Amino acid sequence: MARRVRRSGLTMPINTQRFVDRSWTRNCDFLNFDFEDSVPQSQKALARTRVAHAITQGRKGGADITIRINCSYPEADVPAAVLPGVVQINFPKAETAEQMRHLDRLITEAERRQGIRPGTVRIGANIETTLGVANSYEIASASPRIDGFAGGTGYDMSMDMGLEMFVGFDQFVYNRGEGALIAMALGLEYTGSVYMPDTTGDVGNAELTRQRAEANRQAGLRSGSGLHPNTVEPQNIGLTPTSEEVQEAQRLLEYFAQLDARGAVEGELDGRIVDKYAAARAAGVLEWSALCTQKDTQKATAQAQARALETPERSNA
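All figures in this text were calculated on a predicted structure; none of them were measured in a lab.

1. Quick look at the overall build of the chain
Right, on to step 1. Counting its secondary structure elements, the chain contains 13 helices and nine strands.
Right, on to step 2. In summary, the chain has a C-alpha radius of gyration of 21 Å against a globular reference of 20 Å for 317 residues, a match within 12%.
Right, on to step 3. Residue burial in the chain is summarised as follows: out of 317 residues, 48% are buried.
Right, on to step 4. Looking at the chain alone, contacts between residues at least 24 apart form 65% of all its contacts between residues at least 6 apart.
Right, on to step 5. In the form shown here, the chain has an accessible surface area of approximately 15700 Å², with 53% of it arising from carbon and sulfur atoms.

Structure representation (structure tokens):
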């Protein structure tokens, strides 16, 4: 499976047209259009009719398109959500492996009806309850479609555990560690985050977002998301290797190649031990940097084309 670049994303209600129409301008790596918490019960049916428009708008900016459905009625949501152009269905409040297997079956049938290549649409499994944490490994391994896994944090988790959400300590430390290890063991993208103190609940805090993104990258994480446009660029920047890091990785690999040519397995470069482990990390930096550059180029090209098409309409308005 090709690794997707998902440094930045916005979750937004699919029934709010002004958000959807401007989504392509946000420079997100992915857009998560929501059927769930941000859509009132009275507009759930309406939300299911808005997917095609959301795909068209979001892809104008080069973003991957994902849909967050409701865990309570996937039978109604999946046929509406699985359309050409959607790459992932996000399932909230996952609690059992059977939910994932049922979701897989629903997606398979929807792909067949839409003429989509089987297996195209992936699953993001999100753990938001104590039962979900207890069943995390079974959930994460229940379907080959699962490529993203988030373990046990957030508003719903805090309610289920009877905890305050914004405190100065990591109230989700066990859940967070369990989810990250399970994702690593199964080769999934862990879509959670390292802990950083946040007692305000300001979802648009750009500086905190940048700090968290940089800490996540240092911890080996590559995925971000948010609820406010202010978080997009801090994540794009913080989750991308700096030019200095790329240059250092190149220099380290060149040195390791020289060691290998001499028949040595390790050496010292500017006081730093260089061995096969350091070389592997450096190669990972270069690979991730190349993928980020590719994604940025793709987005810039798509956005330039979209703006060029919109210009005549504005001039005639």
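Now that the structure is up, let's keep going.
2. A look at the pattern of salt bridges
Right, on to step 1. In total, this model carries 26 salt bridges according to the counting rule given.
Right, on to step 2. Where D34 meets R68, a salt bridge forms, and the shortest distance between an N and an O atom there is 2.8 Å. Highlighted residues: D34 in strand 2 (residues 30-34) and R68 in strand 3 (residues 64-68), separated in sequence by 34 residues.
Right, on to step 3. Its relative accessible area of 17% is what places R68 among the buried residues.

3. What to know about the layout of surface pockets
Right, on to step 1. Computed from the structure, the second largest pocket encloses a volume of approximately 600 Å³.
Right, on to step 2. What lines the second largest pocket is a set of 25 residues, among which R3, G187, L188, E189 and Y190 lie closest to the centre.
Right, on to step 3. Contributing elements (two or more residues each) for the lining of the second largest pocket: strand 6 (146-151), helix 9 (173-186) and strand 7 (189-190).
Right, on to step 4. Ranked by residue count, the leading element in the lining of the second largest pocket is helix 9, at five residues.
Right, on to step 5. Classifying every residue of the lining of the second largest pocket by side-chain character gives 12 nonpolar, six polar and seven charged.

4. As for the packing of aromatic side chains
Right, on to step 1. Counted under the stated rule, the structure contains one aromatic pair.
Right, on to step 2. Between Y155 and F166, the aromatic rings sit 5.8 Å apart at their centres with planes inclined by 75°, giving edge-to-face as the arrangement. With a gap of 11 residues between them, Y155 in helix 8 (residues 155-161) and F166 in the loop between helix 8 and helix 9 connect regions that are remote in the sequence.

5. Side note on the nonpolar core
Right, on to step 1. Core analysis: the biggest nonpolar cluster contains 50 residues, and F33, I67, I69, I89, M100 and F149 have the highest contact counts within it.
Right, on to step 2. Here the element with the most residues in this core is helix 5 (residues 97-114); it accounts for six residues.
Right, on to step 3. Setting aside residues no more than four positions away along its own chain, M100 makes contact with F91, A94, I123, A125, I139, A142, S143 and I146.
Right, on to step 4. If you look at the next biggest cluster of nonpolar residues, it comprises 10 residues, including F256, L259, A278 and A279.

6. Observations concerning helix 9
Right, on to step 1. Here helix 9 contains 14 residues, and its C-alpha end-to-end distance of 20 Å stays within 8% of the 20 Å for a straight helix at 1.5 Å per residue.
Right, on to step 2. For helix 9, the complete set of buried residues consists of N175, R176, G179, I182 and A183. Relative to the axis of helix 9, the buried residues are bounded by an arc of 140° and lie together on one face. Seen from the open side of helix 9, the exposed residues pointing more than 90 degrees away from its buried face are V173, Y174, L181, M184 and A185.

Cut-offs and rules
Residues numbered from 1 in each chain as written. Predicted model: local features only at pLDDT ≥ 70, side-chain atom pairs only at ≥ 80, totals over all residues. Heavy atoms only, no water. Helix = DSSP H or I, 4+ residues; strand = E, 2+ residues; numbered from the N terminus. Rg over C-alpha atoms; globule rule 2.2 N^0.38 Å. Buried < 20%, exposed > 50% of the residue type's maximum accessible area, 1.4 Å probe, protein only. Contact = heavy atoms within 4.5 Å. Areas by Shrake-Rupley, 256 points an atom, 1.4 Å probe, with all protein chains shown as cover. Salt bridge = Lys/Arg side-chain N within 4 Å of Asp/Glu carboxyl O. 1 Å grid on protein atoms, 1.4 Å probe; cavity = no way out; pocket = protein on both sides within 12 Å on 5 of 7 lines; lining within 4 Å. Points joined across faces, edges and corners; volume = space filled by probe spheres on them. Nonpolar A, V, L, I, M, F, W, Y, C, P; charged D, E, K, R; others polar. Phe/Tyr/Trp six-rings, centres within 6.5 Å; stacked < 30°, edge-to-face > 60°. Core = buried A, V, L, I, M, F, W, Y, C linked by side-chain atoms within 4.5 Å. Expected span 1.5 Å × (residues − 1). Arc of directions from axis to C-beta.

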